[in-house]
Amino acid sequence: MKAATVHRYGPADVLQIEELPRPVPGRGEILLRVRAASVTTADWRLRAAAFPGGLALIGRLVAGLWRPRHLVPGSDVAGEVAALGTGVEGFEVGQRVVAVLGHGGHAEYGLAKAEGAVAPIRDGMGFDEAAALPFGGLTALEFLRDVAKLSAGQKVLILGASGGVGAYAVQIAAALGADVTAVAGPGREAILRGLGAERVLDYRSDEITGRFDLIFDTVGAMNWPESRGLLGKQGLFLPLNFGLRELGHLLRSKLSDGPRMALHVSGDSRVGLESLLALWREGRLRPVIDSRFALDDIAEAHRLVETRHRAGAVVLEVGA
């Protein structure tokens, strides 16, 4: 099979396209014929060892000390079930699914755990749309619904609102009944209002004013001391990315009165994917895709993601 590979940490140019043996599903595994896959912020961070502030050593211990632990990158995919390992129930060959693999997704075939984050997709949803959902959608859903417990009528400020996570955060916050103020780059107003934002601000020229119940920072544009002037007394600052600085801010927030801060690392689950697909069926969530690339052009896809200036997901079209 054709696959993208990473033999060492470095810039996007370290990505190669190679022919590798097709994986064989073991017990409890599903072999997927990958039709589309997302290139996410996590993918470029793992490729470049670009871990957030102060966490470089911890990141390398997890991802690989001297080189990436996994040869084939990529996690979020959509495709068809090609084969089933022993003991797998509830899936059949040829079935269309979306899945979070963990690694190995930027290839023509990949392995998913049958008990993991994999769910059937209905006709009407394209493979590219399905692959665009998991990273941003699952993260936004967990941070807003489960951590912040966002409810109808609350005011939420979303920073980086047109990005891979932000575009889903706007939709999910609106679906939960919140009043959404979205902050993004120039030229994003039409798309963000279409996703459910009540107010759209250009981070380059517009001042953020008002009081919010929640600030969800998806890009590292604000810190907890800065957020305090924009949050109500019971407000919550929720950064997606954090390092040692944010750990110190978290301790300070627990020792002070007023707005709170929370840190969280999201996970992946079938239940979460099914929740996203249900929102899609109800017309309250739609995949947002910035660009599509062929697998051979994966380095260009990484360069775009690394700019942090995109409107939605970046998708690899792996198969016809």
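Just so you know, these numbers come straight off a predicted model, no measurement behind them.

**Q** Hey, could you run me through the side chain of Glu-29 in this one?
**A** Tracing the sequence through the fold places Glu-29 in strand S3 (residues 29-39). Buried charged residue Glu-29 carries no salt bridge. Nearest counter-charge: Lys-113, at 4.5 Å. In contact with Glu-29, not counting residues within four places along its chain, are Val-24, Leu-84, Gly-85, Val-88, Leu-111, Ala-112, Lys-113 and Ala-114.

**Q** Honestly, the environment of Ala-174 in this entry has me stumped. Any pointers?
**A** Along the polypeptide, Ala-174 turns up in helix H5 (residues 166-175). Residue Ala-174 is classed as partly exposed on the basis of its relative accessible area, which comes to 27%. Sequence-wise, Ala-174 and Leu-285 are 111 residues apart; in three dimensions their C-alpha atoms are separated by 9.6 Å. Ignoring any residue separated from it by four or fewer positions in sequence, one finds Ala-174 in contact with Val-180, Leu-195 and Gly-196.

**Q** I'm lost on the pattern of salt bridges in this one. Help?
**A** Pairing between side chains of opposite charge can happen when their charged atoms approach one another. For the structure shown, the criterion picks out twelve salt bridges. One salt bridge in this structure joins Asp-296 and Lys-2, with 3.4 Å as the shortest N-O distance. Pair noted here: Asp-296 is in the loop between strand S14 (289-294) and helix H10 (298-306) and Lys-2 is in strand S1 (residues 2-6), with a separation of 294 residues, a long-range link. Judged by relative accessible area, Lys-2 falls into the partly exposed class, the value being 26%. Linked by salt bridges that have partners in common, Asp-13, Glu-300 and Arg-303 make up one network.

**Q** It is not clear to me how empty space enclosed by the protein should be interpreted in this structure. Could you clarify?
**A** The gaps of empty space that remain are located by a probe, the size of a water molecule, rolled over the atoms. If you walk through the whole model with that rule in mind, you get two cavities of 30 Å³ or more. Each pocket or cavity is described by its volume, and for the largest cavity that value is around 60 Å³. Among the secondary structure elements, those contributing two or more residues to the lining of the largest cavity are S3, helix H4 (134-147) and strand S15 (313-317). Tallied by class, the residues present in the lining of the largest cavity amount to six nonpolar, four polar and one charged. Of the pockets and cavities examined, the second largest cavity occupies roughly 40 Å³. Considering the residues around the second largest cavity, the lining is formed by Pro-120, Ile-121, Arg-122, Met-125, Leu-277, Trp-280 and Arg-281. Per-element accounting of the lining of the second largest cavity gives the leading share, three residues, to helix H9 (residues 270-281). Each residue belonging to the lining of the second largest cavity can be placed in one class, and the counts come to five nonpolar, no polar and two charged.

**Q** Whenever I open this one, H5 confuses me. Can you help?
**A** Two residues of an α-helix separated by three or four positions point the same way, owing to the 3.6 residues in each turn. Along H5, eight of the ten residues are buried, which leaves the element largely enclosed by surrounding structure. Turning to H5, its buried residues are Gly-166, Ala-167, Tyr-168, Ala-169, Val-170, Gln-171, Ile-172 and Ala-173. On its buried side, H5 packs onto H4, strand S8 (155-159), strand S9 (179-184), helix H6 (189-195), strand S11 (212-217) and H9. Backbone geometry just downstream of H5 places Gly-177 in the positive-phi region, at approximately 95 degrees.

About the criteria used
- Counting restarts for each chain, with residues numbered from 1 along the sequence as it is written.
- Where totals are concerned, whole chains, interfaces and linings use all residues; where local detail is concerned, this predicted model gives features only for residues with pLDDT of at least 70, and gives and counts side-chain atom pairs only at 80 or more.
- Side-chain descriptors were evaluated using all non-hydrogen atoms of the structure, hydrogens and water having been removed beforehand.
- Working definition: helices are DSSP H or I runs of at least four residues, strands are E runs of at least two. Numbering for both runs from the N terminus.
- For each residue, the accessible area found with a 1.4 Å probe, counting protein chains only, is set against the maximum for its type, and the residue is called buried under 20%, exposed over 50%, and partly exposed in between.
- A residue counts as positive if it is Lys or Arg and as negative if it is Asp or Glu; His and the chain ends are not included.
- For this document, the term salt bridge refers to a Lys or Arg side-chain nitrogen within 4 Å of an Asp or Glu carboxyl oxygen.
- Contact criterion: two residues are considered in contact whenever any of their non-hydrogen atoms come within 4.5 Å of each other.
- A cavity here means a set of points on a 1 Å grid, drawn over the protein atoms and nothing else, where a 1.4 Å probe fits but cannot get out; a pocket is an open set with protein on both sides within 12 Å along at least five of seven lines, and a residue lines either one if it has an atom within 4 Å of a point.
- Grid points are joined across faces, edges and corners, and a volume is the space filled by probe spheres set on the points.
- Think of it as three bins: nonpolar holds Ala, Val, Leu, Ile, Met, Phe, Trp, Tyr, Cys and Pro, charged holds Asp, Glu, Lys and Arg, and polar takes everything else, Gly as well.

Shape descriptors only; they carry no functional weight alone.
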